Amino acid sequence: MAAGSGGKDQSHKAHRSSQAGASSKSHKAKAGRGKKRQREGQGAVASQESDKPKQPLTKMEKVDRKKRRRLGEDSALAEQKRQNPKAFAFTSSGKAKKMQSRAVEKEQRKLHIPSIDRTYGEPAPYVVVVQGPPKVGKSLLIKSLIKHYTKHNLPEVRGPISVVSGKKRRVQFVECPNDINGMIDAAKYADLALLLIDGSYGFEMETFEFLNILQVHGFPKVMGVLTHLDQFKDAKKLKKTKERLKHRFWTEIYDGAKLFYLSGLIHGKYPKREVHNLARFISTKKFHPLSWRTSHPYVLVDRFEDVTPLERVRENSKCDRNVTVYGYLRGCNLKREMKVHVAGVGDFSLSGVTALPDPCPLPSAAKKKGLRDKEKLFYGPMSGLGDLLYDKDAVYININDHFVQFSKANDEEGEVGKNQDVGEALVKSLQNTKYSLDEKLQESFISLFSRNKNLLPEHQGSNNKIEDHMIDMEAAKQGDLVEETEPDGPTKSDTEDSDGSASSDNNDAAPEKLAFTEHVELHGGRLRRKAMFENDYDDTEKDSLDGIEDDHDGDTKISDDDVSSSDSDSSEEDGEVEKHDHMGNMSRWKESLTERTGLRKSTNLMQLVYGNSASSMELRAQEKLDTIDNVDSDEEDFFKLKGEGDKKQKGQNDAYFDAEDCSKCMKYTGQNWKEVNIYERIRDRFVTGNWSNAARRNELSVGDAEDESSNDDDDAAVDGEFEDLETGEKYGSTETGPQELKEESELLKQKNIAELNELDEESRLAIEGFRTGTYMRLEIQNVPFEMVEHFDPYHPLLVGGIGFGEENVGYMQVRLKRHRWNKKILKTKDPIVLSIGWRRYQTTPVYAIEDRNGRHRMLKYTPEHMHCLAMFWGPLAPPNTGVVAVQNLSNNQASFRISATATVLESNHAAKIMKKIKLVGYPCKIFKKTALITDMFTSDLEIARFEGAAVRTVSGIRGQVKKAAKKEVGNHSNSKGVIPKEGIARCTFEDKILMSDIVFLRAWTQVDVPQFYNPLTTALQPRETIWHGMKTMAELRREHSLPLPTNKDSMYKPIERFPRKFNKLVISKQLQKDLPFESKPKDIPNRRKPLLERRRAVIMEGAERQVHALVQQLQFIKNEKVKKQKLTKERKRKLHEVEEAKAEEVSKKRRREERRDRYRVEDKLKKKLRGRN
Amino acid sequence: MGKVNYKKMKGSQNLRQRLLLSTLSGTPILVEDIRADDKFPGLRPHEVSLLRLFDRVTDDCVVEINDTGTKFKYKPGVVMGGRRVAHDCGVSRAIGYFLEPLIVLGLFGKKPLEIRLKGITNDSKDPCVDTFRSTTLPILKRFGVPSEGLDLKIESRGVPPLGGGEVVLSVPIVQALSAVTWIDEGMVKRIRGWTFSAKVSSQFEIQMIHAARGIFNNLLPDVHIFTDHKAGLQAGNSPGYGISLVAETNAGCCISADTTISYARGDDVGDMEDEKKELKPPQDVGEDMASALLEEIELGGVVDSSHQGLLFLLCALCPPDISKIRVGKLMPYGVETLRQIKDFLGVEFNIKMDTSTKTVILKCMGCGLKNLSRKSS
């Protein structure tokens, strides 16, 4: 088995390398073919697919193909096996075991807890961020893609542009700004990042920086795109470069990461074929949810408007502004009360949240393939795209001037209706308001239309010549004439039917002006019924309006009113039902009616709970309702209740104001439960009762709860299943594997959707908030005027929701690692810019490391290749959130800008960071083993704090601090009259110390983390300027040209050690006398003359002399030789040096020129920037 | 650094929920007008004690109370939890008053909480500790709280007026709760109960049990009521006796009723009910509580009326999934809790009458609160 797996693994590898274009030499032939195809101008990766049919393959087909391919490989493998089976057997059992365990391990590593997807409905357009260094072709790529999708030429890429890319998919293209702030924000909203790389130049720092930021903030999908490949003239070189860049790209992401090649430009555009392929790759990407984003709602702003009253701006141009931002809601559901963080601006609470119709909707479901041209919508208001702009209360249609043709206002009047089209005539007649109404009505044969049209201007309704059925319509508005018109109803029904759908539509449109859209279900109902409904509706509407306007009317009253009115209405209508029972299509509207009344009841219960005033009166009312509701109440009760409410509300309110906080407040009625008829009431609630009865009770209630919906059974089934699962989960959650978890989460989702679908729109909104994927309009008040002033569509705005407790400020602990490409290590308490969650802020972290005993020891600098802890003050983020640290925000800096990456561990106030401290003192008086130490402490109080602490001398004698020295003892040596010095400690040692000893005490002291954080307000300044916050010490020193402060004692100096002079050993005569002879100092007298051996001369013999002379001569020769060698060496070295110097000169010159060129280009860029300002 | 934006509220009502929700959602609150027009204005001793308890369990929390006690600021900190925490609850309210917010708070702490609470264990006003153990803790388990580490140990009893009881509560921590669909109330399959007597004759308990059984016997044979007679040190400082009854259904719901009979507090003025109860003989107590339990059962719902608040709160703290629950009649406390939840967490419940059974079905989507203070490994 293991053999099989190993073999398969190998075959996979071979397959991959051939697919990607050959890295191993054994597949050179295949690879060559691949390359050829690339040169033909198609992406290397796409080349595999490109010879297959053009429309995207279905999943099944793909799987099939893969299977077939694998099968083929397998068969080949099997053949091989048959020829030499021994070659694929294991030679050792150990190896087999190892391979198997590795395979299992690999399998295990793939497993992960499935993330629960809680997005319901259509997803928002996926954000495709196009990122790259400047001048790499970002906007051109977006333009090409837009052209590909919509067949429109885009003049300029400003802000996000949404495009319908497929039947079920929309994408939003965003160009990533070039500064690091924009990159950080872009990484937070990107679903797919297209990293553009200049193939002719190679990778640039921006790409790697962006990749790092992406990785920390969740790592969305990434695809590389190589551009500028037409600059290579040499095909071989091109191939080599591609290969090199691809492998570098792979090491950064993962082996086999997609790198796309755009071969060059044709007429200033990327080739159509390649853009098409790229678009297909984009369309097949799958996006997995990222943990931060699934728990926080966010909006990528694609439209921005300043809605401050103009008067206010005129008075003070720097007043705080109100702005509205528009965009698709992503991440998770948004609730109205939520606070948001606007990246680069600050935290705000939303003052208005509205869902708008989708400006770029998906095509309605149809069976056809592909998109029709009409459905290829796009929307990018900042780029001036999209003809419709939606607002809360209006829709704006944008029509270019050259498309507009105004019809002539005055044609000859007589011609109307003669030679013109009907529609045209109608429009013309509508334009011309001079005509009297009745004239037109009589003359035109499309009077039905005109009737309805005429209704629209309401104030014109003073005509007295309106036909009978017009009264109907009036009744719909006023409701007073209902009784009058009732008998007309049945006779008119025929005409209504003949009207067709158009008329009914129009009828709907008319009341829309008055009220609201809730009449949808009444489409089939007859006109008269509608009138009833309008009346009903209007009443309630009016009531609620009254309630809002009149403060003296309590909320309870309103709700009661609603109840009573609705009830009375329904009873009225019931009566009617009986009257007109003979009519066929009655049942439908009746159904909806009962539904409505039921609904209103439930909303009433909600109103009682969530009404404005928190009075206990409501509760009382509610309790009564509970009891009364079912016992077919008469209206008297309600009215009485209302009166009570009016009278008593004030008093009750006050009484509850300071009510006791008590969960147990059930007032028992005190029935006698011994009586048979009383206890038999609840007999079925016990297992001793009738089980089927009880089951029925439960079933019934479930059905009721589900609003008598048609899919009752389904829901019940889902519910039942789920409950089983839940209990199962409770007792055996540890055993559930990933597959079960996945199923479970899917079930949970289904259940949620089912539950939510039961609710009507409003209560659904109240419960779950705005769904993801809706197009939102968010109003934010009191933003600084700079935000409007310096708004730049090239820098997309990100609005992110803030979770619970995330707006609070506190200490946070993160595990941080300096980035290995950052040149310097980071210093404690140096300001650094962090990006956590949606926020970016500057703070001053203190670095620390955990000692073995759990102590957090401060580090002055971050370790070079290790993680360390960092603690700082700032807005809190939940644990496991990624953090990016940047020290330098400037744009034209060659080095890598990301200083460190980190993850949040916890937010903890109590965690203390300690640092080592050494107190040094000197003995001022020494008794036997006790010494008085000065200069260690400054006061006696300090000594009291350190009593019992261990001290030590440099020589290693240990001791202990005892107490502050008594004044008389410690200071008696001082001259009289001087105030005795404080801070002299009495210490005892294990041995007598010397006056020359230095005594020190080692202790730990707490380091306090500075309470400083400064949000980056990059959106409040011109985007070109670089944000400056707190400066680091080094920057300040450089600015003021201050030298580094140095401690003189810390300098290294040459150590001078004088030879120690010892005095002569003197032994007393008495002692000498007692010593044994050998130990006695011997008395050796000084000699006047040297010894004989020193004085005598040596005379050599003849032979001896000869030998000596020879030796001397040989030595001389050797010395001469060495001298010569040395000279030649010296000469050669000098020659070499001269040559070196020359070469150096040349290279220096070259470098200087290179530098000069670079500076010139940079300077030009800078000038251009300045020019733009 | 930085200005703190306090959420302003008025009055002393719902102090527990306010403090709890403020801590969980990280919202600083400023409460004004606390019994400002009262004869004895300001915070009551048990409320101050509650503030102290919150201060003890959390870290970096700031409480400022003005001189008269009619106004205070509360800035929540990080919930720490930890072992061997002790708190004296005083004798103005029972321990049940403190336990209710504490168990929810403990779930979202940094470390598992183990706290020793001293004071009154049984009281007629608050749920007694027996009920807590038998009814409240199983509710928590429904929401995915691990059962190991969730415990309440009664070390000694204490009844008003002098208290002297002691309990040890341990609460585990969770990453997040799990949403429930809990609308099946089931049928009552057994009734359990606990009686206790401290510094009075154990005969009292027998009488209570006898009386209670007399009522239950008509409906169900499976009734067991345990006795717990305390004397000496474990009996606390005052005499008293009480009963706590729990009905368990075959769907796993627990419905409880309890009371305690003891002398009234000296300082509590005008609490007539307490005095009345004091006169009640054990037989009547047993009968009354049995009737109260049956009444609770008649109301329906998956929890009894006193646990509605806790149930709603737990539902609101779930991840953003739909929870569906059924309760009997909505109690004022439950309604107040619903309002506070909407105020702090922005979670609104969909409330619907179930007309056939006269119960109320509530639906909500949890706020998705995660344990922010938990340390990531």
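In this text the structure is predicted, and so the values were computed from the model without any measurement. (Residues numbered from 1 in each chain as written. Chains lettered and ligands numbered in written order. Predicted model: local features only at pLDDT ≥ 70, side-chain atom pairs only at ≥ 80, totals over all residues. Heavy atoms only, no water.)

With that settled, consider the sheet that holds strand E2 (residues 29–32) of chain B. All names here are of chain B. Taken together, the four strands give an open sheet; going across it, the order is E1-E2-E5-E4, and neighbouring strands pair in mixed fashion. The outermost strands of the open sheet, each flanked by one partner alone, are strand E1 (7–10) and strand E4 (62–65). Within this sheet the neighbouring strands show an average axis-to-axis angle of 15 degrees, counted without direction. Where E4 meets strand E5 (residues 72–75), four bridges bridge the pair, whose relative direction is antiparallel. (Pairing = 2+ DSSP bridges. Helix = DSSP H or I, 4+ residues; strand = E, 2+ residues; numbered from the N terminus. Axes fitted to C-alpha atoms, helices over the stretch in contact; angles between N-to-C directions.)

What follows is about helix H4 (residues 129–142) of chain B. Residues and elements named next belong to chain B. The terminal C-alpha atoms of H4, which comprises 14 residues, lie 19 Å apart, in line with the 20 Å expected from a rise of 1.5 Å per residue. At Thr135, H4 shows its largest kink, close to 30 degrees, and the proline Pro138 lies no more than four residues downstream. Of all 14 residues in H4, 11 are buried, a share of seventy percent or more. By the burial criterion, the buried members of H4 are Val129, Asp130, Thr131, Phe132, Ser134, Thr135, Thr136, Leu137, Ile139, Leu140 and Arg142. Among the residues trailing H4, Gly144 stands out with phi positive, at a value near 85 degrees. (Expected span 1.5 Å × (residues − 1). Bend = angle between axes of the 7 residues up to and from the residue. Buried < 20%, exposed > 50% of the residue type's maximum accessible area, 1.4 Å probe, protein only.)

Now for the confidence of the model for chain A. All names here are of chain A. Here chain A shows a mean pLDDT of 74. Residues at 70 or above account for 65%. This model gives residues 1–57 a pLDDT under 50, and the stretch forms 63 contacts once residues within four places in sequence are excluded. Predicted confidence for residues 702–735 stays below pLDDT 50, and this span has 40 contacts to residues more than four positions away or in other chains. (pLDDT = per-residue confidence, 0-100. Contact = heavy atoms within 4.5 Å.)

Now for the side chain of Thr241 of chain A. All names here are of chain A. Inspection of the secondary structure assignment puts Thr241 in helix H9 (residues 235–252). By relative accessible area, Thr241 is classed as buried at 9%. Setting aside anything within four residues of it in sequence, one finds Thr241 in contact with Gly199 and Phe232.

Further remarks concern the sheet that holds strand E18 (residues 359–365) of chain B. Spatially, E11-E16-E18-E17 (chain B) is the arrangement adopted by the four strands of the open sheet, whose pairing is mixed. The two strands at the open ends of the sheet, each matched to only one other strand, are strand E11 (181–182) and strand E17 (350–354) of chain B. Of the strand pairs in this sheet, E17 of chain B and E18 of chain B are connected by five bridges, and their pairing is antiparallel. The partner of Lys352 of chain B across the bridge, within E18 of chain B, is Ile361 of chain B. Sheet strands in contact with helix H28 (residues 761–768) of chain A are strand E16 (322–327), E17 and E18 of chain B, and its direction is about 60 degrees off that of E18 of chain B.

A word on helix H2 (residues 45–57) of chain B. The α-helix winds at 3.6 residues per turn, so residues separated by three or four positions along the chain end up facing the same way. Taking 1.5 Å of rise per residue, the 13 residues of H2 of chain B would be expected to cover 18 Å, and the 18 Å separating its terminal C-alpha atoms lies within 8% of that figure. Within the sequence span of H2 of chain B, burial applies to His46, Glu47, Ser49, Leu50, Leu51, Leu53, Phe54 and Val57 of chain B.

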